[in-house]
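Examination of the molecular architecture
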Amino acid sequence: MSHSKATILIVEDEPSLIFTLRDTLENEGYQTLVAENGMDALKIVEETRPDLMILDVMLPGMSGFDVCRKIREKKLLFPIIILTARDQEIDKVTGLNIGADDYITKPFGVKELLARIQARLRRSDDYSGRKNDLIALGEMQLDLNEGIVRRPDGDQELTTREVEVLRFLAGFPNEPVTRKALLENVWRYEFSSNTSTRTVDVHISKLRTKIELRPEDPRYLVTMHGVGYMLKIS
Ligand code: CA
């Protein structure tokens, strides 16, 4: 992903600051989206996955902290930079504790903001990029870039959806991931009925025939009863 094409969601309620942020970011080649409150921000995040979010703390209604918390609860990992008022030390600590990546104090300089944004986008590229593309599972190797499982008994091709499921699970190695999180991040719609969880289960079963040597007794893509699934990577 080229940084100049990254989409940045600005969550801010002060018109003059929205104007400045938009102007600055678009001049740098970023695409921008604007939400003036937390509910709108969450809606935009559902519909359009931004590459980064600039999030004001003091918003009408839901606070910036609540917005951040809700996004991280969904295991969405794009970088979030929180805007705080001067000297709100407590806010900074709270912000980092609830999963913000960085904070910047108002008033801030344009150069400082751009530097922080670039640093965060670079890091999130490292995180979601090639590093996770080759995963060893015992004698097998997952090549998520090529969409292939290399097995002792021959290669297996993965569908795009299967690659997305594995990529998401691999973002949380050895941690349980709920079906709901998979639905919201891979299928990208709200979990609402049993049909939806069933969709996840069907894909997991199919995936096991490809990435397990004995699908009936899975070692890598394991079921966490009452929770969801886990990708075990040693
Ligand atoms: Ca504000």
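So, a few notes on the structure that sits alongside this text.

Reading the values: the criteria
Residues numbered from 1 in each chain as written. Predicted model: local features only at pLDDT ≥ 70, side-chain atom pairs only at ≥ 80, totals over all residues. Heavy atoms only, no water. Pairing = 2+ DSSP bridges. Helix = DSSP H or I, 4+ residues; strand = E, 2+ residues; numbered from the N terminus. Contact = heavy atoms within 4.5 Å. Axes fitted to C-alpha atoms, helices over the stretch in contact; angles between N-to-C directions.

Turning next to the sheet that holds strand 10 (residues 177-178). Strands pair in a sheet through their backbones, by hydrogen bonds, and they do so in one of two ways: parallel or antiparallel. Taken in spatial order, the 3 strands line up as 10-12-11 in an open sheet, and their pairing is antiparallel. Each edge of the sheet is formed by a strand with only one pairing partner; in this case those strands are strand 10 and strand 11 (221-224). Against the sheet, helix 6 (residues 160-170) touches strand 10, strand 11 and strand 12 (228-231), its axis set at about 75 degrees to strand 12.

Pairing is antiparallel across the open sheet formed by 4 strands, whose spatial order is 6-7-8-9. Whereas interior strands pair on both sides, the edge strands pair on one side only; in this sheet they are strand 6 (134-137) and strand 9 (154-157). Pairs of neighbouring strands in the sheet enclose a mean axial angle of 20 degrees, with direction left out of account. Where strand 8 (residues 148-151) lies against strand 9, 4 bridges are found, and the strand directions are antiparallel. Paired with Val149 across the two strands is Gln156, which belongs to strand 9.

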